[in-house]
Amino acid sequence: LTRGFWSAQAQVCPIPRVRSASVRIMSDLRVHPAIEAVVNSAAEGSSVSPADFWNSFQEIVADLGPRVAAALRQRDAMQALIDAWLLERSGKVDAPEYEKFLKSIGYLVPEGQPFKVDTANVDIEIGSLAGPQLVCPVDNARFALNAANARWGSLYDALYGFDVISEEGGATRTGQYNKVRGKKVEEWAENLLSEIFPLQNGTYSQVTKFAVCNGALSCTLDSGSSTGLKDDSAFVGHNMKGDVLSEVVLRNNGLHMIIQIDPTDAVGKEHRAGVKGVVLEGALSAIMDCEDSVAAVDAEDKAKIYGNWLGLMKSTLTTKFQKGSQTMERGMNGDRTYVARDGSSASLHGRALLLVRNVGHHMYTDAVTYKNKDVPEGFLDAMVTALAASHDLKSKKNSRTGSIYIVKPKMHGPSEVSLTCELFERVEQALKIPTNTIKIGIMDEERRTTVNLMECIRAAKSRVFFINTGFLDRTGDDIHTSMLWAPAAPKGEIKGSKWIKSYEDWNVDCGLAAGLPGHAQIGKGMWAIPDEMGRMLVEKIGHPKAGANTAWVPSPTAAVLHSIHYHRVNVASVQQQLSSRQKASLKDILTPALLDKTLSKEEVERELQNNAQGILGYVVRWIDQGVGCSKVSLLQSCAHEDILCAKVPDISNVGLMEDRATLRISSQHLASWLHHGVCTEEDIEAALKKMAAVVDGQNSKDPLYRPLAPACDGIAFQAARALIYEGTAVPNGYTEFALHKFRRQAKAARQTKL
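Residues numbered from 1 in each chain as written. Predicted model: local features only at pLDDT ≥ 70, side-chain atom pairs only at ≥ 80, totals over all residues. Heavy atoms only, no water.

Turning next to the sheet that holds strand E4 (residues 152-154). Taking strand neighbours across the sheet as the criterion, the seven strands line up as E4-E11-E10-E9-E8-E15-E16 in an open arrangement whose pairing is antiparallel. Strand pairing shows two members of the sheet lacking a second neighbour, E4 and strand E16 (345-348), which therefore form its edges. For this sheet, the mean inter-axis angle between neighbouring strands, taken without regard to orientation, is 35°. Direction of pairing for strand E8 (residues 235-241) relative to strand E15 (residues 336-340): antiparallel, over a ladder of two bridges. The partner of His238 across the bridge, within E15, is Val339. Packed onto the sheet, helix H8 (residues 179-196) meets strand E9 (244-252), strand E10 (255-261) and strand E11 (275-281) and runs at close to 135° relative to E10. Sheet strands touched by helix H20 (residues 556-568): E4, E9, E10 and E11. Its angle to E10, the strand with the most contacts, is close to 120°. (Pairing = 2+ DSSP bridges. Helix = DSSP H or I, 4+ residues; strand = E, 2+ residues; numbered from the N terminus. Axes fitted to C-alpha atoms, helices over the stretch in contact; angles between N-to-C directions. Contact = heavy atoms within 4.5 Å.)

So, about the nonpolar core. Counting residues in each nonpolar core, the largest one holds 170 residues, and the members touching the most others are Ile35, Phe210 and Leu312. The element contributing the most residues to this core is helix H3 (residues 50-89), with 13 residues. For Phe210, the contacting residues outside a window of four places in its chain are Tyr204, Leu217, Ser218, Cys219, Leu245, Val248, Ile259, Ile261, Ala273 and Val275. With 38 residues, the next largest nonpolar core counts Val620, Cys712, Ala720 and Ala738 among its residues. (Core = buried A, V, L, I, M, F, W, Y, C linked by side-chain atoms within 4.5 Å. Buried < 20%, exposed > 50% of the residue type's maximum accessible area, 1.4 Å probe, protein only.)

The next point concerns the sheet that holds strand E6 (residues 216-221). Whenever strands of a sheet pair, they do so through backbone hydrogen bonds, lying parallel or antiparallel. Taken together, three strands build an open sheet; the order of strands is E5-E6-E7 and the sheet is antiparallel. A single partner strand is all that each edge strand has here, and the edge strands are strand E5 (207-213) and strand E7 (226-227).

Per the counting criterion, the structure on display carries ten aromatic pairs. Ring geometry for Trp54 versus Phe57: centroids 5.6 Å apart, planes at 85°, classification edge-to-face. With Trp54 and Phe57 both in helix H3 and three residues apart, the pair spans about one turn of that helix. Residue classification places Trp54 among the buried positions, given a relative accessible area of 1%. Given the relative accessible area of 0%, Phe57 is considered buried. Taking the centre distance of 5.2 Å and the plane angle of 75° together, the rings of Tyr98 and Trp485 count as edge-to-face. Of this pair, Tyr98 sits in helix H4 (residues 95-104) while Trp485 sits in the loop between helix H15 (471-481) and helix H16 (491-495), and the two are 387 residues apart along the sequence. For the pair Tyr98 and Trp485, a shared accessibility class is recorded, and that class is buried. Ring pairing ties together the aromatic residues Trp85, Tyr98, Phe101 and Trp485, which thus form one cluster. (Phe/Tyr/Trp six-rings, centres within 6.5 Å; stacked < 30°, edge-to-face > 60°.)

On to the environment of Val571. Locating Val571 in the fold gives a position in helix H21 (residues 571-578). Separated by 25 residues in sequence, Val571 and Ala546 place their C-alpha atoms 8.6 Å apart. With residues near it in sequence (within four places) discarded, Val571 still touches Ala130, Pro544, Gly547, Ala548, Asn549 and Tyr566.

Taken across its seven residues, E10 has seven buried, putting it largely inside the fold. Burial along E10 is two-sided: the face carrying Leu255, Met257, Ile259 and Ile261 and the face carrying His256, Ile258 and Gln260 are both buried. Across six bridges, E9 lies against E10 in antiparallel orientation. The partner of Arg251 across the bridge, within E10, is His256. The sheet contact formed by E10 and E11 spans five bridges and is antiparallel. Bridge pairing links Ile261 to Val275 in E11.

In structure tokens:
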């Protein structure tokens, strides 16, 4: 069995390198023209010239490139030692002995003395406020603008268009505006206002008029009496349209709601007080993703990503698109203004605070080569995204405090966090910006980072702005690390396993112990069912209740609805209560969810088909269409532009938001079962072929879709097979190598046909 990056990369999913014409920038550095062009554009108006940029980049590659290679070799060496140890015991593992072994090989490092982070100059969205966080593929300009503008959203639209409100009693969502449903929306919103901003007397359903008197909110009730807010300080301002009150601005737990009033509006004229809508502060921040939710396999793809990010940082990004018969143009929203209680003019941020996620240390790119070798892609990401963001350091339209926020995924342990911090320091020197301007978001999605999280935070104590659990990738790494222990449990059982609960609590415990509140976010993962907003509204309140001051959502609508949870839960108070609890169990975290029973033939078949369908449904779009975050079909995706990452239906036809993390779990799960003989290769082939027909049917309305069946021999189908059959050997169970290889093959084949 061959496992690991350096031992396996040569034979597992080698990426074809069809070299495009490149420009020799320096003696040892060659750059693709598309990358050269975007760097030239980003350098214009910055503190560095393109020549300075590339000179610094070459020095960084020469100095830190060997460090990345050494880190990857260390990953391999540790995995080899774990494999050998597990094989010696034939799956019979004693927990204390296992922990002692992991310490002996340096997998578990000693935890130092207590400390507190001192990250400075963070925006209020990071240090003070609690609220939703969007994740958006930055290669799609329209999606990126939707995410940037998702700071504010209509509660009425969110309630009307999704399943929070039932369709019983004639309250259907189809066709023209339904007044029955509209009435239910108004009632729901009024109940929420009464809950969050209660009146001294009565409820919002009794209000017939809103007014501002002597700097306070006054509400006339249907009885003719007047009342105000129980908490007068919750009213922060208003707006007028001529002599008529048009907006009432309220605040709770630092988040704002705006009651919009217009008796001439189609909705407002039906309301007793002329209310036409309620606007909520939704996504406080948004991650513009260069990693898991994009399909960027070559220089042209990377240049598109960098160009969009540059437009966001310069506030110049626009896009045109067709909506029905009309051509629409979208840009970036400005701030909202209102009249404060003292009569002065005040403003609220009009856009989400934008963060950017770079790729992990394991990725290399031929968009730039050094001495005829591919360079670490994360180096290029860091330099270019920071150069683009340096424009905002002058305008401060994104970060008011002069910070650049880079989320770094898939780091393994504190030494790799230290390496990233050193990289960021070198980038700051190259771009002539102050030390610690570039902040780091630590994705807690690899097991060696989880178990050493305190030391990972310590390594970035002056830069860390975010720790976030990503249980999907984390599950994939857990399966891969424990591959030789025993077969993985069925996926449904893994999610409810003891280690995941301890892992989620451990992340919060470490964040609180390191003093993140006031300096950094403690985050939770994605709600991956974009159409089931009613269920999300019930379940996702668990994230703020668990002490997280942010959690990921898939759409602006989800951000609006999830923001309600942060009105209902004071996260700062929760964190204070949790800070004294006993830390979660390391023993539980190190105990994987393994198969401990004999499954029936039907149970095995059902699990194989579920995995096969998920793999094929995601891979076919990644390979054939370059869609990094999958969708049901082009037609369905465009029908609801609110979803930032479009959906792929599961085996039960429930639309799910999928990215490489879910692919990693499914492929590793099948690799585990195949390795341990729970199933055979013939079983997997049968499941793949059966599910190919199912996936084809689910995508029958997509004009760009290329059927998998009946031939089952296309490039996308080959990619799915490779992900499974090479899943045991591929480094850390990562899917990128196979996806990049076969996507480049598909692009080359298309070019050949043209």
